[in-house]
Amino acid sequence: MIAEAEPELKALTMTVDNQTVNFTEGETIYQVATRHLGEKIPTLCYDDRLEAFGGCRLCVVEVEGMRAPVASCTTKATDGMKVTTQTAKIEKYRKTLLEMVASENRSVDVDPLSGYASQELRTLVDHYDARTGRFAGKKSGTSNYDDKNPFILRDYDNCISCYRCVRVCAEQEGDYAINVMNRGFATQIITEFNSELRDSQCTFCGQCVQTCPTGALGDAKALRATEVEGKIEKTRSICPYCGVGCSVDIMTRGQKIVGVQPAMDGPANKGALCIKGQFAFDFVQHEDRLTQPLIKQEDGTFKEVDWDTALDAAAEGYRKVLEKYGRHAIYGVASGRAPHEAAYTMQKFIRAGFGTNYIDNCSRA
Ligand code: SF4
Ligand code: SF4
Ligand code: FES
């Protein structure tokens, strides 16, 4: 039998700002332009992890043969297309759009601790010099300060209806905890039956907070951390909870951890976190945290000891169990927080040390 020849892939090309570039069928103008020219096209409702929405129109570009500018995030690239991303006319559109967006908000100046993307609107408004107040008038949004959840501030006076929060909740988290009510100036992000987040499907993963480009949704824990003053520093690390290994940026002020932001380029999580990785970092500096080994005494109290004493006591405990019940009475569970080297050492300790294969890892739970 003669094998069928593979269909020949047609090379697709287009020009972006007079530069000839190739692309794959299905890509949008924004994806092609960004890949070849870097981030030259401004966006507000776009998050590359989500289906493009086309709501803000800030990413408009000119396409030869089309009467009006098109949203580059939703328009597919086609063979031979000629695209221009920066013209005086396009830049004027963008500035006007930003002036209108800024005019309905109480403020575009929000605390960077609000969330990962919280400075996007402010940065664009400043770049386009759009604080003109030309469209000052009616404001949109009704803040939901009464939501008693301890993690997420819901300040919709600063909402621009980009729906990134709604989309990330549905598309990335699969929770559908929030949605949109009403239209125009009365548009509001709500939970089902307009209840509080804690009474909804919300798992407090914080993804809506981190994708919000205006700080309308804020990391309430980080924003409350005002007791220590000073510059915020970010340190890339790995979430200490389970074995997935999500990348995080730990935010500190001096020696104090004030918050956690997901790393958008984290290979295991691409900006996602669960409630523990996002909000449950207090244990690190909690006053109840053990910093010294303790040995339980006959009377039930715990006595602080040095590490050599503690390890001797543990070894003696193992020896007694082994002598009395045999090797299969020992069972090791390695921590999901342990790095590979420690997990390897743990299984070696159980297998070679006691002669049993009763070893597991809590990441499988
Ligand atoms: S915290 Fe997570 S689950 Fe809750 S509304 Fe935001 S994205 Fe949805
Ligand atoms: S709360 Fe933030 S992410 Fe959600 S629609 Fe408003 S501005 Fe967009
Ligand atoms: S980024 Fe394309 S329409 Fe908003």
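What counts, and where the lines are drawn
Residues numbered from 1 in each chain as written. Chains lettered and ligands numbered in written order. Predicted model: local features only at pLDDT ≥ 70, side-chain atom pairs only at ≥ 80, totals over all residues. Helix = DSSP H or I, 4+ residues; strand = E, 2+ residues; numbered from the N terminus. Rg over C-alpha atoms; globule rule 2.2 N^0.38 Å. Buried ≥ 20, exposed ≤ 12 C-beta atoms within 10 Å, placed from the backbone. Near = placed C-beta within 6 Å. Nonpolar A, V, L, I, M, F, W, Y, C, P; charged D, E, K, R; others polar. Expected span 1.5 Å × (residues − 1). Contact = placed C-beta atoms within 7 Å. Pairing = 2+ DSSP bridges. Axes fitted to C-alpha atoms, helices over the stretch in contact; angles between N-to-C directions. Domains from an automatic or database assignment. Core = buried A, V, L, I, M, F, W, Y, C linked by C-beta atoms within 7 Å.

It is worth spelling out the overall build of the chain at this point. The number of helices and strands found in the chain is nine helices and 16 strands. What you see for the chain is a C-alpha radius of gyration of 27 Å, clearly larger than the 21 Å of a compact globule of 365 residues, by over 25%. C-alpha atoms of the chain, sized along the principal axes, occupy 85 × 70 × 40 Å. When each of the 365 residues of the chain is scored for burial, the buried share is 33%.

Turning next to the site of ligand 1. Contacts to ligand 1 come from 13 residues, most closely from Cys169, Asp175, Cys202, Cys205 and Cys208. Of all the secondary-structure elements, those providing two or more residues to the shell around ligand 1 are helix 4 (164-172) and helix 5 (207-211). Considered class by class, the residues forming the shell around ligand 1 number eight nonpolar, three polar and two charged.

Bringing helix 8 (residues 307-325) into the picture now. Between its first and last C-alpha, helix 8 extends 27 Å over 19 residues, near the 27 Å set by a 1.5 Å rise per residue. Within helix 8, only zero of the 19 residues are buried, which leaves it mostly out in the open. Once helix 8 ends, the next one or two residues include Gly326, with phi positive near 90 degrees.

Tracing the chain through its elements places Asp199 in the loop between strand 8 (188-191) and helix 5. Each C-alpha atom of the pair Asp199 and Ala117 lies 26 Å from the other, and the pair is 82 residues apart in sequence.

Attention now goes to the environment of Leu217. Mapping Leu217 onto the fold places it in strand 9 (residues 217-219). Taking the C-beta count within 10 Å as the criterion, Leu217 has 29 such neighbours and is therefore assigned buried. What Leu217 contacts, discounting residues up to four positions off in sequence, is Gly115, Ile152, Leu153, Arg154, Cys165, Cys208, Val209 and Cys212.

A separate point is the sheet that holds strand 2 (residues 19-23). Across the sheet, five strands lie side by side as 2-1-5-3-4; this open sheet has mixed pairing. This sheet does not close on itself; its edge strands, each paired only once, are strand 2 and strand 4 (70-71). By the bridge criterion, five bridges tie strand 1 (residues 12-16) to strand 2 in an arrangement that is antiparallel. Directly across from Met14, in strand 2, lies its bridge partner Val21. Helix 1 (residues 29-37) rests against strand 1, strand 2, strand 3 (60-63) and strand 5 (82-84) of the sheet, and its axis sits at about 75 degrees to strand 1.

This paragraph deals with the domain arrangement of the chain. The domain boundaries assigned to the chain delineate domain 1 (12-86), domain 2 (106-224), domain 3 (230-289) and domain 4 (294-364). The distance between the C-alpha centroids of domain 2 and domain 3 comes to 21 Å. Across the boundary between the two partners, domain 2 contributes 14 residues, which contact 14 residues of domain 3. Looking at the side of domain 2 that touches domain 3, the elements with two or more residues in it are helix 5 and helix 6 (220-224). Its residues placed into classes, the side of domain 2 that touches domain 3 shows seven nonpolar, five polar and two charged.

Grouped burial of nonpolar side chains is what soluble globular proteins tend to show. Counting residues in each nonpolar core, the largest one holds 73 residues, and the members touching the most others are Leu44, Cys59, Val83, Val125, Cys165, Cys208 and Leu217. Apart from residues no more than four positions distant in its own chain, Cys208 is found in contact with Cys165, Val168, Cys169, Ile178 and Leu217.

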